[in-house]
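Geometric and topological summary
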Amino acid sequence: MSSVLVLNGPNLGRLGTREPDVYGSGTLAELRELLQSDAAETAIDLRQTDDEAELLRWLHESADSGAPVILNAGAWTHYSFALRDAVALVTKAGGTVIEVHLSNPHAREEFRHTSVITAVATGVIAGLGFEGYRLALAYILRNPSVIR
């Protein structure tokens, strides 16, 4: 069975209780169930970390395995060049990384307007809550060459 990595960065383990007016009231467990119900024959490997080095290792894993990635890097989106380089490693190796944001960063504080990841990601979806993850997954599932 093929799998899709759904990687989440800092503070996203607090979904459901952290600023529900911005990030919604759903939890990561609910997101996992929602995505798995959409994925039928594909395993959803949803992970969350507050440790940047761990997220980098997961992206390296994708670069080696070819597993497509749905990535919500949280605050690291705006300044982590190490994360940018790891995403580039995946995409330059022919892999897929869809950058997602629950909220619309461009409608928020100015420091959130910049993503160091966007230029090396396969695509970006922002501002649609959990639906953004579902759209990213739908893209991956509709393009069989993305899943190796």
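Let me sum up the structure you'll find in this document.

What counts and how
- Residues numbered from 1 in each chain as written.
- Predicted model: local features only at pLDDT ≥ 70, side-chain atom pairs only at ≥ 80, totals over all residues.
- Heavy atoms only, no water.
- Helix = DSSP H or I, 4+ residues; strand = E, 2+ residues; numbered from the N terminus.
- Expected span 1.5 Å × (residues − 1).
- Buried < 20%, exposed > 50% of the residue type's maximum accessible area, 1.4 Å probe, protein only.
- Arc of directions from axis to C-beta.
- Phe/Tyr/Trp six-rings, centres within 6.5 Å; stacked < 30°, edge-to-face > 60°.
- Contact = heavy atoms within 4.5 Å.
- Pairing = 2+ DSSP bridges.
- Axes fitted to C-alpha atoms, helices over the stretch in contact; angles between N-to-C directions.
- Parallel < 35°, antiparallel > 145°, perpendicular 65-115°, else oblique.
- Left-handed = near helix turned anticlockwise from the far one by under 90°.

**Some points on helix α3 (residues 52-65)**
- The terminal C-alpha atoms of α3, which comprises 14 residues, lie 20 Å apart, in line with the 20 Å expected from a rise of 1.5 Å per residue.
- Where α3 is concerned, the buried positions are Leu-55, Leu-56, Trp-58, Leu-59 and Ser-62. Buried positions in α3, seen along its axis, are confined to an arc of 160° and lie on one side of it.
- Positive phi appears at Gly-66, one or two residues downstream of α3, with a value of about 85°.

**Describing the packing of aromatic side chains**
- This structure, assessed with the given rule, holds one aromatic pair.
- Seen in terms of ring centroids, Phe-130 and Tyr-133 are 6.3 Å apart; in terms of plane orientation they differ by 85°. Their pairing is edge-to-face. Here Phe-130 pairs with Tyr-133, and both are found in helix α5 (residues 130-142), just three residues apart, close to one helical turn. Neither Phe-130 nor Tyr-133 differs from the other in exposure class; each is buried.

**With respect to the environment of Ala-136**
- By the element assignment, Ala-136 lies in helix α5.
- Relative accessible area serves as the criterion here: at 1%, Ala-136 is assigned to the buried category.
- In sequence terms Ala-136 and Val-100 are 36 residues apart; their C-alpha atoms lie 7.8 Å from each other.
- With residues near it in sequence (within four places) discarded, Ala-136 still touches Ile-70, Ile-98, Val-100 and Ile-125.

**Focus: α5**
- Over its 13 residues, α5 extends 19 Å from the first C-alpha to the last, a length consistent with the 18 Å expected when each residue adds 1.5 Å.
- Listed as buried for α5 are Phe-130, Gly-132, Tyr-133, Ala-136, Leu-137 and Ile-140. The buried residues of α5 all sit within an arc of 160° when viewed along its axis, so they share a single face.

**Comments concerning the sheet that holds strand β1 (residues 3-8)**
- Strand order across the open sheet formed by five strands is β2-β1-β3-β4-β5, with parallel pairing between neighbours. Edge positions in the sheet fall to β2 (43-48) and β5 (123-126), since each of these pairs with one other strand and no more. The sheet shows a mean angle of 20° between the axes of neighbouring strands, direction not considered.
- The pairing of β1 with strand β3 (residues 69-72) spans four bridges and is classified as parallel. Looking at the pairing, Val-6 lines up with Ile-70 of β3.
- Its contacts with the sheet place α5 against β1, β2, β3, β4 (97-101) and β5, and it is angled at close to 165° to β4.

**Brief notes about the packing of helix α2 (residues 28-39) against α5**
- Two elements in contact, α2 and α5, have axes separated by 10 Å at closest approach and are oriented at 30°. Taken together, α2 and α5 sit at an angle that is classed as roughly parallel. Remark: the crossing between α2 and α5 carries right-handed chirality. Contacts between α2 and α5 involve Leu-31, Leu-34, Leu-35, Asp-38 and Ala-39 from the first element and Phe-130, Tyr-133, Arg-134, Leu-137 and Leu-141 from the second.

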